[in-house]
Amino acid sequence: MTGALRITLLGHGRLGSALAEGWGLTGAATPTILTRANQPVCPAGTEALVIAVKPAQWREAVTPLATSVPPGAVVISVMAGVRSADIASVLSRPIARVMPTTAVAKAQGVAAIWADDVEARGVAHALFDPVADAVDLDQEALLDPATAVAGSAPAFFHAFAQALASAGFEAGLPPEAAERLARGALRSAGAGAATDASFEDLIARIASPCGTTRAGLDALMEARLSHAAKAAVEAAVARARTLAGDQTS
Ligand SMILES: NC(=O)c1ccc[n+]([C@@H]2O[C@H](COP(=O)([O-])OP(=O)(O)OC[C@H]3O[C@@H](n4cnc5c(N)ncnc54)[C@H](OP(=O)(O)O)[C@@H]3O)[C@@H](O)[C@H]2O)c1
């Protein structure tokens with residue numbers, strides 16, 4: 001598989017534009033972008049149609065295109081909670097589902113990939129390996145927890161950093177300082193996560209026994225941090241399953 005794939009990208013919102021930016025940055029692909037203003041026609045020669053519209057919009061967006069998608073093209077869906085069987089009922093092509101983060105824009109994303117079809121999986125890797133740490137899944141159902149732990153999770157970390165900033169403010173920091181410090185801490189944590197060190201090692205490098213970090217970590221555990229993480233993942237998975245149900249007709 002080379003980087004010269006002819007890609008059509010349906011949807012140029014937050015994720016679609018991040019993908020186009022990352023592919024441009026790495027030279028992986030120069031997609032033809034379909035927006036509402038375009039004619040609903042898939043260009044001849046398209047080798048992969050990437051669907052990046054909202055789950056509630058996909059049928060309305062894809063149905064008018066269906067007859068123009070070349071027979072040899074594969075479909076790559078980055079939509080949360082839209083099952084491949086539902087997409088296949090409108091577009092009978094090999095399908096890969098991918099759950100990326102918007103950091104693909106800077107070629108620093110992570111992406112869970114599932115496909116039954118070998119060719120579709122290969123195309124998904126050709127498109128996502130250059131812009132993300134691409135993680136293969138062997139069951140479609142695993143995309144729901146992967147969505148929670150990858151696609152949605154940056155928002156969970158931002159929410160945690162925001163809560164830390166508020167706690168810093170309550171502890172006396174000026175609001176602007178509290179926010180800058182929490183943002184910086186999130187960047188530092190991201191730099192650690194970009195290494196090969198285990199989470200355990202990353203924590204141990206900062207938390208000396210009986211130190212301030214250890215005291216904070218103990219308080220987080222007492223406040224049931226793992227319970228909060230589990231609740232977030234379970235809620236996101238349940239929502240993905242509801243969305244999938246909503247999309248089945
Ligand atoms: N954002 C993320 O971090 C993220 C992460 C993983 C997966 N996803 C998935 O990515 C998909 C897109 O999410 P998003 O956050 O990028 O949403 P978004 O910002 O709302 O983008 C959706 C885009 O699709 C366009 N669109 C809708 N109907 C269309 C049509 N008929 N023809 C052409 N374009 C059409 C919209 O255009 P208008 O503005 O004109 O409606 C909009 O630009 C979702 O399915 C989501 O589950 C997102």
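As shown above, the structure is provided for reference.
Model, not experiment: these values are computed from the prediction.

1. Some remarks on the pairing of strand E1 (residues 7-10)
For step 1, the next point in the chain: Neither face of E1 is exposed, since Ile7 and Leu9 on one face and Thr8 and Leu10 on the opposite face are all buried.
For step 2, the next point in the chain: Sheet topology note: the E1/strand E3 (residues 48-51) ladder contains 4 bridges and is parallel. Each residue of the ladder has a partner; that of Ile7, found in E3, is Ala48.
For step 3, the next point in the chain: One ladder, built from 3 bridges, connects E1 with strand E2 (residues 32-34); its direction is parallel. Residue pairing across strands places Leu10 opposite Leu34, the latter belonging to E2.
For step 4, the next point in the chain: A crossover links E1 with its parallel partner E2, the connecting element being helix H1 (residues 14-26), and its sense is right-handed.

2. A look at the site of the ligand
For step 1, the next point in the chain: In the vicinity of the ligand there are 21 residues, among which Arg14, Leu15, Arg36, Val53 and Ala80 approach most closely.
For step 2, the next point in the chain: Gly13 places a main-chain nitrogen or oxygen 3.3 Å from an oxygen atom of the ligand.
For step 3, the next point in the chain: Here an oxygen atom of the ligand and a backbone polar atom of Leu15 are 2.8 Å apart.
For step 4, the next point in the chain: Surface burial for the ligand is 76%, taken as the share of its 890 Å² of free accessible area covered by protein chains.
For step 5, the next point in the chain: Breaking the shell around the ligand down by element, the ones donating at least two residues are H1 and strand E5 (95-100).
For step 6, the next point in the chain: Residues that form the shell around the ligand fall into these classes: 12 nonpolar, 6 polar and 3 charged.

Thresholds, definitions, all that
- Residues numbered from 1 in each chain as written.
- Predicted model: local features only at pLDDT ≥ 70, side-chain atom pairs only at ≥ 80, totals over all residues.
- Heavy atoms only, no water.
- Buried < 20%, exposed > 50% of the residue type's maximum accessible area, 1.4 Å probe, protein only.
- Helix = DSSP H or I, 4+ residues; strand = E, 2+ residues; numbered from the N terminus.
- Pairing = 2+ DSSP bridges.
- Right-handed = clockwise from strand over helix to strand, strands pointing away.
- Near = heavy atom within 4 Å.
- Polar contact = N/O pair within 3.5 Å; in protein donor to acceptor, adjacent residues only side chain to side chain.
- Areas by Shrake-Rupley, 256 points an atom, 1.4 Å probe, with all protein chains shown as cover.
- Nonpolar A, V, L, I, M, F, W, Y, C, P; charged D, E, K, R; others polar.

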